[in-house]
Amino acid sequence: MAKRLLILEDGTVFEGKAFGAECDVTGEIVFSTGMTGYQESITDQSYNGQILTFTYPLVGNYGVNRDDYESITPTCKGVVVSEATRRASNWRNQMTLDDFLKSKNIPGISGIDTRALTKIIRQHGTMKATLANGGELAHLQEQLKATVLPTNNIEQVSTKTAYPAPGVGKTIVLVDFGLKHSILREFSKRDCNVTVVPYNTTAEDILHLDPDGVMLSNGPGDPTDVPEVLEMIRGVQGKIPIFGICMGHQLFSLANGAKTYKMTFGHRGFNHAVREIATGRVDFTSQNHGFAVDRDSLPDCLMVTHEEINDKTVEGVRHRDFPAFSVQFHPDAAPGPHDASYLFDEFLEMIDAWKLDKVTE
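Residues numbered from 1 in each chain as written. Predicted model: local features only at pLDDT ≥ 70, side-chain atom pairs only at ≥ 80, totals over all residues. Heavy atoms only, no water.

Participant: Just checking my understanding: could you explain the UniProt feature "binding site: L-glutamine" (unreviewed entry) in the protein for this structure?
Facilitator: In this numbering, the UniProt entry assigns the feature "binding site: L-glutamine" (unreviewed entry) to Ser46, Gly219, Gly221, Met247, Gln250, Asn288, Gly290 and Phe291. In terms of the greatest pairwise C-alpha distance, the residues named above, spread along 246 residues, form a tight cluster of at most 13.4 Å across. Checked against the element boundaries, Gly219 lands in the loop between strand S13 (213-216) and helix H8 (227-236). The exposure class of Gly219 is buried, given its relative accessible area of 8%. With residues near it in sequence (within four places) discarded, Gly219 still touches Ser46, Phe177, Gly178 and Met247. (UniProt positions renumbered as here; feature names shortened; annotations may be inferred. Helix = DSSP H or I, 4+ residues; strand = E, 2+ residues; numbered from the N terminus. Buried < 20%, exposed > 50% of the residue type's maximum accessible area, 1.4 Å probe, protein only. Contact = heavy atoms within 4.5 Å.)

Participant: What exactly am I supposed to notice about helix H9 (residues 247-255) here?
Facilitator: For H9, the tally of buried residues reaches 9 of 9 residues, placing the bulk of the element in the interior. After H9 finishes, the residue Gly257 shows a positive phi value of roughly 105°.

Participant: Help me understand the pattern of salt bridges in this model?
Facilitator: If the charged atoms of two oppositely charged side chains come close together, the side chains can form a pair. One pass over the full model with this rule turns up 18 salt bridges. In this structure, the salt-bridge partner of Asp98 is Lys102, at a minimum N-O distance of 3.2 Å. Note that Asp98 and Lys102 are positioned in helix H2 (residues 97-103) at a spacing of 4 residues, about one turn of the helix. Looking at Asp98, the relative accessible area reads 22%, which means it is partly exposed. Where Lys189 meets Glu186, a salt bridge forms, and the shortest distance between an N and an O atom there is 3.2 Å. Taken together, the positions of Lys189 and Glu186, both in helix H6 (residues 181-189) and 3 residues apart, correspond to about one turn of that helix. What makes Lys189 exposed here is its relative accessible area of 57%. One connected set of salt bridges, linked through shared partners, spans Arg66, Asp67, Asp68 and Arg92. (Salt bridge = Lys/Arg side-chain N within 4 Å of Asp/Glu carboxyl O.)

Participant: How should I be thinking about the sheet that holds strand S19 (residues 324-327) in this particular structure?
Facilitator: Ordered by their spatial adjacency, 10 strands build an open sheet running S10-S12-S11-S13-S14-S19-S18-S17-S15-S16, and the pairing between neighbours is mixed. The open sheet is flanked by strand S10 (163-165) and strand S16 (282-293), the only strands paired with a single partner. When the angles between neighbouring strand axes are averaged without regard to direction, this sheet yields 25°. Taken together, the 3 bridges between S10 and strand S12 (residues 193-197) define a ladder with antiparallel strand orientation. Within S12, the position partnered with Pro164 by the bridge is Thr195. Strand contacts of H8: strand S11 (171-175), S13 and strand S14 (242-245), with the helix running at about 155° to S13, the strand carrying the most contacts. (Pairing = 2+ DSSP bridges. Axes fitted to C-alpha atoms, helices over the stretch in contact; angles between N-to-C directions.)

Participant: Can you help me understand the sheet that holds strand S6 (residues 78-80) in this one?
Facilitator: In any sheet, the strands associate via hydrogen bonds between backbone groups, in a parallel or an antiparallel arrangement. If you walk around this closed barrel you meet the 7 strands as S1-S2-S8-S6-S4-S3-S9, and the pairing is mixed. If you compare each strand with its neighbour and ignore which way they point, the axes differ by 35° on average. Where strand S1 (residues 3-8) and strand S2 (residues 13-20) come together, 5 bridges link them in antiparallel fashion. Across the sheet, residue Leu5 finds its bridge partner in S2, namely Glu15. Here helix H3 (residues 114-124) sits on the sheet in contact with S1, S2, strand S3 (25-32), strand S4 (50-54), S6 and strand S9 (127-132), set at roughly 95° to S3.

Participant: Looking at this model, I keep getting lost on the pairing of S2. Mind explaining?
Facilitator: For a regular strand, the rule is simple: side chains alternate between the two faces of the sheet. Between S1 and the antiparallel strand that follows it, S2, lie 4 residues; Gly11 among them carries a positive phi value of about 100°. Note: S2 against strand S8 (residues 107-110), 4 bridges, orientation antiparallel. In the strand pairing of S8, Gly20 is matched with Pro107.

Participant: Whenever I open this one, the pairing of S19 confuses me. Can you help?
Facilitator: Burial of S19 is two-sided: the residues Ala324 and Ser326 facing one way and the residues Phe325 and Val327 facing the other way are all buried. As paired strands, S14 and S19 are joined by 4 bridges and run parallel to one another. Looking across to S19, one finds that Phe243 is bridged to Phe325. Between strand S18 (residues 314-319) and S19, which pair antiparallel in sequence order, lie 4 residues.

Participant: How should I be thinking about the nonpolar core in this particular structure?
Facilitator: Buried together is how nonpolar side chains tend to be arranged in soluble globular proteins. Grouped together as the largest cluster of nonpolar side chains are 33 residues, with contacts concentrated most on Val175, Phe177, Val214, Leu216, Met232, Ile233 and Leu251. Where this core is concerned, the elements lending two or more residues are S11, helix H7 (203-208), S13, H8, H9, strand S17 (302-308) and S18. Apart from the residues within four sequence positions on either side, Met232 is in contact with Val175, Thr201, Thr202, Ala203, Ile206 and Leu216. (Core = buried A, V, L, I, M, F, W, Y, C linked by side-chain atoms within 4.5 Å.)

Participant: For this particular structure, what's the right way to read unusual backbone geometry?
Facilitator: Most peptide bonds are trans, and most residues other than glycine sit at a negative phi. Omega for the peptide link from Ala334 to Pro335 comes to 0°, which places this bond in the cis form. Tracing the chain through its elements places Pro335 in the loop between S19 and helix H10 (342-360). The residue Ala333 is not glycine, and still its phi comes out positive at about 55°. In this structure, Ala333 sits in the loop between S19 and H10. The phi torsion at Ala334 lies on the positive side, around 55°, for a residue other than glycine. Looking at where Ala334 falls in the secondary structure, it is placed in the loop between S19 and H10. Relative accessible area serves as the criterion here: at 17%, Ala334 is assigned to the buried category.

And the structure:
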């Protein structure tokens, strides 16, 4: 098996074994603590431009199948594992992780100490990194330092044209910042008639579709890189109920005057405990974000509804005056626990209550 190097921006170099595609890539290196769900993670567009490290020591053991895609064309830059399984064993398996990564032109590296790598990221924060098949180390390090990572992550992954996910129930406009297919699955379970629209769709165009509710999806990158979206959110809220997830949560908060900040190493995994402040209920959640909403910057119109148990990160907000709320975690799970899937039902109940209020006004 060929040699491959993982070079970090701080000068650290790991030597391991190559698998997946045979190309050199540079991106932001991050880690996920999930024990399963590598296919969903790799195909999650929130990892756009990132080199994804799995902390679980064995990855690829159940292969890749047709059911667990979160997008058809993943855009993560690379995959880092301690051990990549050569043979997959599962009744749903269609191809190995190695074959899958080759088909999607994503390089991987195995045989390195992912515990040591994770400790570096935890201590120094996420940073640029390169996966390289060879070459002069000093030159590769200089190239890495000189590389400027793109900031148009959402533009890269959002759909370019609107498309339907038909149903017979409530009409939902889903704004695509890099959506996971599992969000569509949750609306499909509830018979919703969904129209997916590009990230830069205007409030006027959304309202013209006459939706019952608007969903702001998850997505990659820094929420401050798409200021045009904030105007759309301000143009919609108060007229149509809104539900935001992950990137949608951050954009919803920004649109109402809050600020966001980059976390040291983010929350990426499927075991993050979140407390609902009003009830004390604790849900285990799936999360994937490198930015968070600054609690001290929240305006009076937004109230905190959820917080992360370990670091007290703001995990949910609700508007005091309008039918609108958002959460930092993924109630659609996939992969991860289904504890918070009830939030989709709460959104639909909010729509019903909003309609009733309009009738009685």
